[in-house]
Amino acid sequence: MSVLIEGSHAVRPLTAAAFAEYVDFYGNEIVPAMERHGFELLGAWRSSGGPLGRDVVLTRFPSIAEYERASASLAADPRIGSALGKLMETVQLAETTRLGRPVSYATEQRLERALAARPTRPRQYGQAILDLTLAGRARALELIGQLADHVEREGMLELVTAYDTAIGPRPEVTDIWLLPKGLPPLDYRREDPLARFVEPLREFAPEERYYWLNPLPYSPLQ
């Protein structure tokens, strides 16, 4: 079974210039190195909501063993160490990593459809992170799968992928959504059009965090 690695980098100082310098470094140095050492980059986004100056990078591997091999190979690459040392003269980075496994409703067809698209401009994405109850994981995944089917039929959202955290905070599931119509209205509304899915879900996923994701230039998911 494939595994997904979600990396997030906090970039400091909190300036547009520092983040742009980091993006240039990642696109010019890290992405080619990832390709050399066997990483499959799926997506890279700037994250909005919560702490500022943060990205999200998603990669895929056929197994944990292959992830460990590729990571060790990348870490030993002298070109990366040299480029990173130069970057760190002006930019500070802190990295967090999650290892996840795709869940049942995150089909290969959904992910490959999103990867195959060639939009004329970058699209809007969203990241939902749900904290599950210990006993409610199976039911939560069933309800989220039903929600994904419904919003896709209605043209509201498209699921890109979703993964259960295997190493990191647990029990937790992350959904990556494509918003084909861009950002939704953010004004207050008393009623939720998805209440018939969301209300029963809250018994098994009582907490949820949501972030807006915007593709970086080197992201395959645009």
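In short, a report on the structure. Starting afresh in each chain, residues are numbered from 1 along the sequence in its written order. Whole-chain, interface and lining totals are the exception, using all residues; otherwise, since this is a predicted model, local features are given only for residues with pLDDT of at least 70 and side-chain atom pairs are given and counted only at 80 or more. Side-chain measures were taken over the full set of non-hydrogen atoms in the model, leaving aside hydrogen atoms and water.

## Focus: unusual backbone geometry
Piece 1. In this model, R12 is joined to P13 through a cis peptide bond whose omega is 5°.
Piece 2. For the bond from R170 to P171, the omega torsion is -10°, close enough to zero to count as cis.
Piece 3. Only DSSP runs of H or I reaching four residues or more are called helices, and only runs of E reaching two or more are called strands; each is numbered from the N terminus. Along the polypeptide, P171 turns up in the loop between β6 (158-167) and β7 (172-179).

## Some details on the environment of N214
Piece 1. Its place among the elements puts N214 in strand β8 (residues 207-215).
Piece 2. Since its relative accessible area comes to 31%, N214 is described here as partly exposed.
Piece 3. In this structure the C-alpha to C-alpha distance between N214 and F25, which are 189 residues apart in sequence, comes to 18 Å.
Piece 4. We call two residues in contact when some of their heavy atoms are within 4.5 Å. Apart from residues no more than four positions distant in its own chain, N214 is found in contact with A44, W45, R46, S48 and Q124. Partly exposed residues are those whose accessible area sits between 20% and 50% of the maximum for their type, while under 20% is buried and over 50% is exposed, using a 1.4 Å probe and protein chains only.

## Overview of empty space enclosed by the protein
Once rolled over the atoms, a probe with the size of a water molecule shows which space is left empty.
Piece 1. Two kinds of site are reported from a 1 Å grid over the protein atoms alone, namely cavities, where a 1.4 Å probe fits but cannot get out, and pockets, open sets with protein on both sides within 12 Å along at least five of seven lines, and residues are called lining when an atom falls within 4 Å of a point. Grid points are joined across faces, edges and corners, and a volume is the space filled by probe spheres set on the points. For the coordinates displayed, the defined rule picks out one cavity of 30 Å³ or more.
Piece 2. Taken as a whole, the largest cavity holds about 50 Å³ of empty space.
Piece 3. Classes in brief: Ala, Val, Leu, Ile, Met, Phe, Trp, Tyr, Cys and Pro nonpolar; Asp, Glu, Lys and Arg charged; the others, Gly included, polar. Of the residues belonging to the lining of the largest cavity, the class tally is four nonpolar, three polar and two charged.

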